[in-house]
Amino acid sequence: MTAAMRPNASACPACDAAPAAEALAEQAAQKDARLALSLPTIHCAACISAVERELSAQPGVKSARVNLTLKRATVEAEQDVTAEDLVGALEAIGYEAHELDAGTLSSTQNDRAGRDLLMRLAVAGFASMNVMLLSVSVWSGAEAATRDMFHWISAAIALPTIVFSGKPFYVNAWSALKNKRLNMDVPIVLAIVLAVATSLWETMLSGEHAYFDAALTLVFFLLAGRYLDYRTRAVARSAAEELAALEVPRATRIVDGEEDTVQVRDLALGDLVLVRPGGRMPVDGEIVEGQSELDRSLLTGETVPVYAEPGLGVSAGEVNLTGPLVIRATAVGEETSLHRMADLVAIAESGRSRYTSLADSAAKLYAPGVHILSALAFLGWYLYTFDLRTALNIAAAVLIITCPCALGLAVPAVTTAASGRLFRKGMLIKHSTALERLAQVDTVVFDKTGTLTAGTPQLTNLDDFSREDLAVGLALAMGSSHPLSMALSDAAREAGIRPAKLSDIEEVPGFGTQGKLNGKLVRLGRAGWVGAQALAQTSAFLSFEGRSQAFTFSDTLRDGAEESVQALIEDGKDVMLISGDSAGAVETLANRLNITKWVAEALPEDKAAKVQELSEQGRHVLMVGDGLNDTAALAAAHVSISPASALDAARVASDIVLLGSDLSPIADALATARAATKRIKENFRIATVYNIIAVPLAVAGLATPLIAALAMSSSSITVSLNALRLR
Amino acid sequence: MEVLAYLIPISLILGGIGLLAFIFTVRTNQYDDPEGDAQRILSDEWDDHPKP
């Protein structure tokens, strides 16, 4: 919406927004509308107050709050306020704004799990500090009744805390045991329970050693690791959700000749849907009215637009280019080809779940080892002394000292640091093991259209035309918003061409633009329409004084594509190009980027099969793609990346999303991933070294709570500091 | 040693107040927008009276 239209909207918001608002009102059932806007350019205090002031000044808006961390504004408003009004108002004062679909975002609104974890962490921190204070007095020489009192106070603090804060571990351990498996949480829970039980027993008998502080610090450090891990994934998830929410699922339905804005999920079979130029097909259907051209590149990878006329079938996801089209829905919701593709993805994904993370494989080695060691210590000491109390104390000490404090922090601390670093460079790590998998990559498969290329055409043969022809071409191109026309007018203007004076310029949707020069007809458009022979590459024809000449176009490379591919090749990776586009276009691009292996005219199944074949040869494939035709391959690959401009389905199927339009972070991400995996392994080694020193002491019965506390804290801190080196 | 009878409850109560304050801040969504809060303090918009 432009600034000029806004006063009209403010004067009578109801008249302007009534049809759309009515439809929305029905769904939201008389509640105030809650609108969310994405504000990518805000960055300072002045922006916050300017945006909030402008939004609050809009009629019908009750409150507006900007969140600078998420770069988002939440608006509470009356039913008849639409997001378009607000976006228009913000754009008029110079802030870029996009509507976000509130339904898609709702899951991030209430971050219950994160808050729950934070609360448990806070309680554990409070309790462990207090108990540690009391323990320090015991270690420094409190005796007899004083020591007993300190132990009893510690117990009073520790017991409720352990019950409350340790809940996530109990739940995880229980579900693992129920499935007859061992995970990292089983030894953790055993150590906590045993430590508290023996400490309580010791306290009752006025014993010397109590491990309340150890049990609490253990819980605190482990929860810190869990929380870090959770935060990293929550940040990625909310950013990914925002990308999805940017595509508001609305369609224009035609009922009895009237246009009505509805949610895509409410469309039914046989509905007539209007798709304006630049719009995406919401459902599968058949064209019943209008002529235009369709951009199918997101579905098939073809760059040449397809001519569209009544009778042609269209698939959800295709983009309408020139004229308005009315389609009759033939498949909606789950039935559309977009959703059918999801089945392919599900099949391909089953292969990936076989990957075991480093943490899991460490746990597999570690959990049984710890249990056996502790049981042996118990048995040995019992047989040696026949004293259950001593034996149990030593078994508890072994469990506490070996407890995977450092192991619990080793992975999350590193992934948090690495994900943070990549996020600042514009990469979103969605999957928790994506970095580990990325580090193993030896083969990189690129999609062409929309991935290596920007998807915007560029004129290649400007010099073949005379200035006179160009002036006519420019004048015609300016009459259309077709991507090829826009590319032509950009190139011609850059060359300093002024448009020729034409009369009667009109756009014929689906064919091109025509006009009159000194009474003679001139045309710019499809080959058949101007009476020329079609070419294999993307082209538009200019017919002028009885002769026709072709403007040819190639796709512009995405920023950083060349550097990225070059860096990957130099790094010794096997780089491949698989595209659904024609052989000529693919070969040109492959040569330009020095890619020796390429496949053209690949169907979605072919892409997935090729990736699968490479995996079966034992290679670890990184797939980079954006289209619907790539989703199966993205899911089949060992690890996958898609750009932010990709179709939602492709982004969901990939592990990493590139937020900017630049491809250059890819090579960097591989290096960061390798560094991260190295750090994780280093951290495991550090934790092991601490255990090698401390475990013999514990088994020999020499470990005191002081030694346990020292070993645990110092190993956890070393591991975290080691992870921070990645930042 | 009688002093412990005062000091230990005092230390626990002070710590407990800190914990309750933290729980209050979490419950009232005060960690939702750390960057925005850091910037908002620079704005002079509601310097004279609180936002109604």
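What counts and how
- Residues numbered from 1 in each chain as written.
- Chains lettered and ligands numbered in written order.
- Predicted model: local features only at pLDDT ≥ 70, side-chain atom pairs only at ≥ 80, totals over all residues.
- Helix = DSSP H or I, 4+ residues; strand = E, 2+ residues; numbered from the N terminus.
- Rg over C-alpha atoms; globule rule 2.2 N^0.38 Å.
- Buried ≥ 20, exposed ≤ 12 C-beta atoms within 10 Å, placed from the backbone.
- Contact = placed C-beta atoms within 7 Å.
- Nonpolar A, V, L, I, M, F, W, Y, C, P; charged D, E, K, R; others polar.
- pLDDT = per-residue confidence, 0-100.
- Pairing = 2+ DSSP bridges.
- Axes fitted to C-alpha atoms, helices over the stretch in contact; angles between N-to-C directions.
- Expected span 1.5 Å × (residues − 1).
- Domains from an automatic or database assignment.
- Bend = angle between axes of the 7 residues up to and from the residue.
- Core = buried A, V, L, I, M, F, W, Y, C linked by C-beta atoms within 7 Å.
- Parallel < 35°, antiparallel > 145°, perpendicular 65-115°, else oblique.
- Left-handed = near helix turned anticlockwise from the far one by under 90°.

Some remarks on the overall build of chain B
Part 1 of the reasoning: The number of helices and strands found in chain B is two helices and zero strands.
Part 2 of the reasoning: A compact globule built from 52 residues should have a C-alpha radius of gyration of about 10 Å, whereas chain B, at 18 Å, is more than 25% larger.
Part 3 of the reasoning: Counting only C-alpha atoms and orienting by the principal axes, one finds that chain B spans roughly 55 × 25 × 20 Å.
Part 4 of the reasoning: Looking at chain B residue by residue over its 52 residues, the buried ones come to 2%.

Considerations on the overall build of chain A
Part 1 of the reasoning: A count of helices and strands for chain A gives 27 helices and 26 strands.
Part 2 of the reasoning: Its C-alpha atoms put chain A at 115 × 60 × 45 Å along the principal axes.
Part 3 of the reasoning: For chain A, the proportion of contacts with a sequence separation of at least 24, taken over those separated by at least 6, is 69%.

Quick word on the interface of chain B and chain A
Part 1 of the reasoning: Contact with chain B, which involves 18 residues of that partner, is made by 18 residues of chain A.
Part 2 of the reasoning: Elements supplying a minimum of two residues to the side of chain B that touches chain A: helix H1 (3-27) and helix H2 (34-40) of chain B.
Part 3 of the reasoning: Per-element accounting of the side of chain B that touches chain A gives the leading share, seven residues, to H1 of chain B.
Part 4 of the reasoning: Partitioned by chemical class, the residues of the side of chain B that touches chain A number nine nonpolar, four polar and five charged.

Side note on the confidence of the model for chain B
Part 1 of the reasoning: Mean pLDDT over chain B works out to 84, with 96% of the residues at or above the 70 mark.
Part 2 of the reasoning: Interface confidence for the predicted complex, given as ipTM, is 0.85, next to a pTM of 0.75.

Some details on the sheet that holds strand S21 (residues 547-557) of chain A
Residues and elements named next belong to chain A.
Part 1 of the reasoning: The strand order S16-S21-S20-S19-S18-S17 describes an open sheet built from six strands, whose pairing is antiparallel. Of all strands in the sheet, those with a lone pairing partner are strand S16 (453-459) and strand S17 (503-508), marking the two edges. With strand direction ignored, the average angle separating the axes of adjacent strands in the sheet is 20 degrees.
Part 2 of the reasoning: Sheet topology places S16 next to S21; four bridges connect them, and they run antiparallel. Residue pairing across strands places Leu459 opposite Phe553, the latter belonging to S21.

Overview of helix H27 (residues 705-724) of chain A
All names here are of chain A.
Part 1 of the reasoning: The terminal C-alpha atoms of H27, which comprises 20 residues, lie 29 Å apart, in line with the 28 Å expected from a rise of 1.5 Å per residue.
Part 2 of the reasoning: Inspection of H27 places Pro705, Ala708, Ala709, Ala711, Met712, Ser715, Ser716, Val719, Ser720, Asn722 and Ala723 among the buried residues, and these make up the whole buried set.
Part 3 of the reasoning: Where H27 is buried, its residues contact helix H6 (112-139), helix H10 (212-245), helix H14 (388-402), helix H15 (405-424) and helix H26 (665-699).

Overview of the domain arrangement of chain A
Part 1 of the reasoning: According to the domain assignment, chain A consists of domain 1 (1-100), domain 2 (113-239 + 355-403 + 684-724), domain 3 (249-335), domain 4 (416-454 + 558-674) and domain 5 (456-556).
Part 2 of the reasoning: Domain 2 of chain A and domain 3 of chain A are separated by 60 Å when their C-alpha centres are compared.

Details of the environment of His638 of chain A
Part 1 of the reasoning: Relative to the elements of secondary structure, His638 of chain A occurs in the loop between helix H24 (631-636) and strand S25 (639-643).
Part 2 of the reasoning: In this view, His638 of chain A contacts Arg437, Gln440, Val441, Ser615, His620, Val621 and Leu622 of chain A; residues no more than four positions away in its chain are not counted.

Some words on the confidence of the model for chain A
Part 1 of the reasoning: On average, residues of chain A score 81 in pLDDT, and 91% of them are at 70 or above.
Part 2 of the reasoning: Contacts from residues 1-30 of chain A, a stretch scored under 50 in pLDDT, to residues over four places away or in other chains number 37 contacts.

With respect to H26 of chain A
All names here are of chain A.
Part 1 of the reasoning: In a regular helix each residue adds 1.5 Å, so 35 residues correspond to 51 Å; H26 covers 49 Å between its end C-alpha atoms and thus fits that length.
Part 2 of the reasoning: Its maximal kink placed at Ile693, H26 deviates by approximately 30 degrees, while the proline Pro696 follows within four residues.
Part 3 of the reasoning: One or two positions beyond H26, positive phi appears at Gly701, with a value near 80 degrees.

Regarding the sheet that holds strand S1 (residues 33-38) of chain A
All names here are of chain A.
Part 1 of the reasoning: Read across the open sheet, the four strands follow the order S2-S3-S1-S4; overall the sheet is antiparallel. Bordering the open sheet on either side are strand S2 (61-67) and strand S4 (98-100), each of which pairs with just one other strand. Averaged over all adjacent pairs, the angle separating strand axes in this sheet is 30 degrees, with direction ignored.
Part 2 of the reasoning: Where S2 meets strand S3 (residues 72-77), six bridges bridge the pair, whose relative direction is antiparallel. Bridging from a neighbouring strand, Ala64 pairs with Val75 of S3.
Part 3 of the reasoning: Sitting on the sheet, helix H4 (residues 83-92) is in contact with S1, S3 and S4, with an inclination near 40 degrees to S1.

Considerations on the environment of Thr453 of chain A
Part 1 of the reasoning: Relative to the elements of secondary structure, Thr453 of chain A occurs in strand S16.
Part 2 of the reasoning: Apart from the residues lying within four places of it in its own chain, the contact partners of Thr453 of chain A are Lys448, Asp555, Thr556, Leu557, Arg558 and Leu589 of chain A.

Some details on the nonpolar core
Residues and elements named next belong to chain A.
Part 1 of the reasoning: Grouped together as the largest cluster of nonpolar side chains are 145 residues, with contacts concentrated most on Ala215, Leu218, Ile400 and Ala410.
Part 2 of the reasoning: Shared between two domains, this core takes at least three residues from each, and those domains are domain 2 (113-239 + 355-403 + 684-724) and domain 4 (416-454 + 558-674).
Part 3 of the reasoning: Not counting residues up to four positions away in its chain, the partners in contact with Ile400 are Ala191, Ala195, Tyr211, Ala214, Leu218 and Ala708.
Part 4 of the reasoning: Residues Ile42, Val51, Leu55 and Ala83 belong to the second largest nonpolar core, which totals 25 residues.

Notes on the environment of Val235 of chain A
Part 1 of the reasoning: Relative to the helices and strands, Val235 of chain A is located in helix H10.
Part 2 of the reasoning: Distance in space between the C-alpha atoms of Val235 of chain A and Gly420 of chain A is 9.6 Å, their sequence separation being 185 residues.

Examining unusual backbone geometry
Residue and element names in this part refer to chain A.
Part 1 of the reasoning: With a phi close to 50 degrees, Phe386 is a non-glycine residue in the positive phi region.
Part 2 of the reasoning: Here Phe386 shows up in the loop between helix H13 (358-385) and H14.
Part 3 of the reasoning: For Asn518, which is not glycine, the phi torsion reads 50 degrees and is therefore positive.
Part 4 of the reasoning: Structurally, Asn518 can be placed in the loop between strand S18 (512-517) and strand S19 (520-525).
Part 5 of the reasoning: Residue classification places Asn518 among the exposed residues on the basis of 9 C-beta atoms within 10 Å.

Some remarks on the pairing of strand S15 (residues 443-446) of chain A
Residue and element names in this part refer to chain A.
Part 1 of the reasoning: Along S15, one buried face is formed by Thr443 and Val445 and the opposite face, lined by Val444 and Phe446, is buried too.
Part 2 of the reasoning: Where S15 meets strand S22 (residues 574-578), four bridges bridge the pair, whose relative direction is parallel. Counted as the bridge partner of Val444 is Val575 from S22.

Details of the packing of helix H7 (residues 144-165) of chain A against helix H9 (residues 185-204) of chain A
When two helices pack together, you describe them by how their axes are tilted relative to each other and by the distance separating the axes.
All names here are of chain A.
Part 1 of the reasoning: Direction vectors running N to C along H7 and H9 enclose 150 degrees, while the axes themselves pass 10 Å from each other. As summarised for this structure, H7 and H9 are arranged roughly antiparallel, according to the angle between their axes. For the pair H7 and H9, the crossing hand works out as left-handed. Packed against H7, whose contacting residues are Asp148, His151, Trp152, Ala155, Ala158, Leu159 and Ile162, the element H9 presents Ile192, Val196, Leu200 and Thr203 at the interface.
Part 2 of the reasoning: Among the residues making up the contact of H7 with H9, the classes are represented as eight nonpolar, two polar and one charged.

Observations concerning the packing of H9 of chain A against H10 of chain A
Residue and element names in this part refer to chain A.
Part 1 of the reasoning: Between H9 and H10, the shortest axis-to-axis distance is 8 Å and the interhelical angle comes to 155 degrees. The pairing of H9 with H10 is recorded here as roughly antiparallel in orientation. Helix-helix and strand crossings are classified by hand; for H9 and H10 the assignment is left-handed. Across the interface between the two elements, Ile188, Ala191, Ile192, Ala195, Val196 and Ser199 from H9 touch Phe212, Ala214, Ala215, Leu218, Val219 and Leu222 from H10.

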